[in-house]
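# A look at the structure
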Amino acid sequence: MTTDRRAATKLAAPTINLASVVYGLDAYMRSRGVNAGDALRRAGLEPGDMTDPDRRAPLIRFLELLEICADLLADPQFGLKFGAQYEPRHAGVVGNIALASRTVGEAFATMGRYLPTMVDATMHGVEVRDGTVFVYSYYIDPLMMSYRQKADWAIAFKCNLVRVGLGDPRWTPQEVLLPQLADETPAERRTRAEIMGDNIRVGHPWAGIRFDAGLLERPMATADAMIENLMRHYGDLRLAALPEQRDEFEQLRREIARLLVKGESGIEHLAKATGTSVRTLQRRLKDAGVNYSDLQNDVRRTLALNLLENETLALAEIAFSLGYSEVSAFNHAFRRWVGQSPGDYRRLRAVHGKSAAAKTSEPPARDRFE
């Protein structure tokens with residue numbers, strides 16, 4: 001694939017509707033003695049970014065905002081706590097249509113459909129296997145894994161959605177899976193257990209929750225057919241208005257990422273998922289000057305760069321998550337993409353990260369010598 005054609009198949013910079021994910025942040029920060037305006041300025045955001053239901057800001061700014069708030073509060077569990085108290089009805093189309101859904105299963109299904117109205121480049125999955133449901137999410141843009149607060153926010157929000165929907169404030173999932181987790185004090189571990197339950201597994205590629213599949217059929221106490229119909233109509237209008245929905249390559253890349261995580265890497269799976277034939281899909285790609293292998297490798301490279309940010313993930317786990325049956329095949333592909341092995345890439349990232357952290361923690365020269 002030529003440079004121009006490769007650039008044409010790249011995802012646009014992902015964006016997020018902040019009004020649907022940080023409602024009440026100012027009041028929350030004030031209640032803990034901190035001015036949210038300081039966090040906004042440091043994240044490069046404006047007050048209007050937080051309140052305008054039609055405005056979208058760069059996703060990276062949201063991820064940075066969560067980390068900055070945690071820093072200002074000196075609370076490494078900020079994302080966890082803010083997500084746990086976040087009312088689903090404030091989460092725009094996604095939260096309101098989920099609450100209005102007939103069952104828990106329909107609530108999670110509609111979340112996946114309308115998630116783009118809230119945020120780009122995020123995949124939402126619901127898998128049922130052996131009587132257990134795994135609900136998870138992940139980014140398909142690189143280097144998002146290094147922002148830790150967002151996973152806590154997302155898991156806590158999902159738990160809160162189920163609690164509100166069932167009318168059961170004590171509900172917790174059977175298991176929580178997280179990519180990584182910093183060392184926590186006993187008090188912090190108790191707080192996490194109160195919100196997520198005490199069965200937490202770290203080192204999974206994607207953040208998610210597991211629970212008994214029977215819960216999918218449970219009726220939502222908040223179900224409302226009229227509101228659901230209204231929100232579906234509004235949500236469909238919002239989806240149609242998103243420019244990225246009209247970009248075929250962006251849709252294909254997201255679908256390829258979803259299929260890779262499910263272990264389905266063949267073009268026939270992509271054709272089925274997009275409602276077309278293999279021959280038609282190949283012809284469309286050929287007319288655009290690209291092919292399926294190039295697109296799939298580009299998505300794999302992006303996901304690999306993301307997953308390598310998580311130092312707790314073994315290379316074998318990353319290789320398997322990207323659809324490789326052997327680590328050697330992943331190593332060979334990564335060398336071709338980046339020019340070095342995944343292990344060397346990870347070690348260099350870690351060295352650079354420690355160096356940058358050390359520089360950030362050093363006081364200005366004039367302060368050191370005054």
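Residues numbered from 1 in each chain as written. Predicted model: local features only at pLDDT ≥ 70, side-chain atom pairs only at ≥ 80, totals over all residues. Heavy atoms only, no water.

## What about the overall build of the protein?
Counting secondary structure elements, the protein contains 19 helices and seven strands. Residue burial in the protein is summarised as follows: out of 370 residues, 50% are buried. Taking the intrachain contacts of the protein between residues at least 6 apart in sequence as the baseline, contacts between residues at least 24 apart amount to 74%. (Helix = DSSP H or I, 4+ residues; strand = E, 2+ residues; numbered from the N terminus. Buried < 20%, exposed > 50% of the residue type's maximum accessible area, 1.4 Å probe, protein only. Contact = heavy atoms within 4.5 Å.)

## What to know about the packing of aromatic side chains
On inspection of all chains with the given rule, the structure shows 17 aromatic pairs. An aromatic cluster of at least three residues, connected via ring pairs, comprises Tyr-28, Phe-62, Phe-78, Phe-82, Tyr-86, Trp-153 and Phe-157. The cationic tip of Arg-210 hangs over the ring face of Phe-134; the distance from NZ or CZ to the ring centre is 4.8 Å. Of note, Arg-300 hangs over the ring of Tyr-324, and the distance from its end group to the ring centre comes to 4.3 Å. (Phe/Tyr/Trp six-rings, centres within 6.5 Å; stacked < 30°, edge-to-face > 60°. Lys NZ or Arg CZ within 6 Å of the ring centre and 35° of its normal.)

## Thoughts on the confidence of the model for the protein
Confidence in the prediction of the protein, expressed as mean pLDDT, is 87, and 89% of residues score 70 or more. Segment residues 1–9 is flagged for pLDDT under 50; beyond a separation of four residues in sequence, or across chains, it makes 15 contacts in the model. Counting contacts from residues 360–370, a segment whose pLDDT is below 50, to residues more than four positions away or on other chains yields two contacts. (pLDDT = per-residue confidence, 0-100.)

## Observations regarding the nonpolar core
Judged by nonpolar contacts, the single largest core of 73 residues is most densely connected at Leu-18, Leu-25, Met-29, Phe-62, Leu-65, Phe-78 and Phe-211. Here this core takes 10 residues from helix 9 (residues 149–166), the largest share from any one element. In this structure Phe-211 touches Phe-108, Gly-131, Thr-132, Val-133, Val-135, Trp-171, Gln-174 and Leu-216, once residues within four positions along its chain are discounted. By size, the runner-up hydrophobic cluster in this structure holds 39 residues, among which are Ile-256, Leu-259, Leu-313 and Phe-334. (Core = buried A, V, L, I, M, F, W, Y, C linked by side-chain atoms within 4.5 Å.)

## Focus on helix 15 (residues 292–307)
Spanning 16 residues, helix 15 covers 22 Å between terminal C-alpha atoms, matching the ideal 22 Å at 1.5 Å per step. Within helix 15, 14 of the 16 residues are buried, which leaves it mostly tucked inside the rest of the structure. One side-chain oxygen at the N-terminal end of helix 15 lies 3.1 Å from the backbone nitrogen of Ser-293; it belongs to Asn-291. (Expected span 1.5 Å × (residues − 1). Polar contact = N/O pair within 3.5 Å; in protein donor to acceptor, adjacent residues only side chain to side chain.)

## Notes on the pattern of salt bridges
For the coordinates displayed, the defined rule picks out 23 salt bridges. In this structure, the salt-bridge partner of Arg-55 is Glu-46, at a minimum N-O distance of 3.7 Å. Taking the shortest distance from any N to any O, the salt bridge between Arg-129 and Glu-127 comes out at 4.0 Å. By relative accessible area, Arg-129 is classed as exposed at 59%. Each of Glu-46, Asp-49, Asp-52 and Arg-55 takes part in one network of salt bridges that share partners. (Salt bridge = Lys/Arg side-chain N within 4 Å of Asp/Glu carboxyl O.)

## Points about the packing of helix 12 (residues 248–261) against helix 15
The description of two helices packed together rests on the angle between their axes and the distance between the axes. Where helix 12 meets helix 15, the axes come as close as 9 Å, and the angle between the chain directions of the two elements is 65°. Taken together, the axis directions place helix 12 and helix 15 in an arrangement best described as roughly perpendicular. Of the two possible hands of crossing, helix 12 and helix 15 adopt the one that is right-handed. Counted together, Phe-249, Leu-252, Arg-253, Ile-256, Ala-257 and Leu-260 of helix 12 and Tyr-292, Leu-295, Gln-296, Asp-298, Val-299, Arg-300, Thr-302 and Leu-303 of helix 15 form the full contact between these two elements. Taken together, the residues of the contact of helix 12 with helix 15 sort by class into nine nonpolar, two polar and three charged. (Axes fitted to C-alpha atoms, helices over the stretch in contact; angles between N-to-C directions. Parallel < 35°, antiparallel > 145°, perpendicular 65-115°, else oblique. Left-handed = near helix turned anticlockwise from the far one by under 90°. Nonpolar A, V, L, I, M, F, W, Y, C, P; charged D, E, K, R; others polar.)

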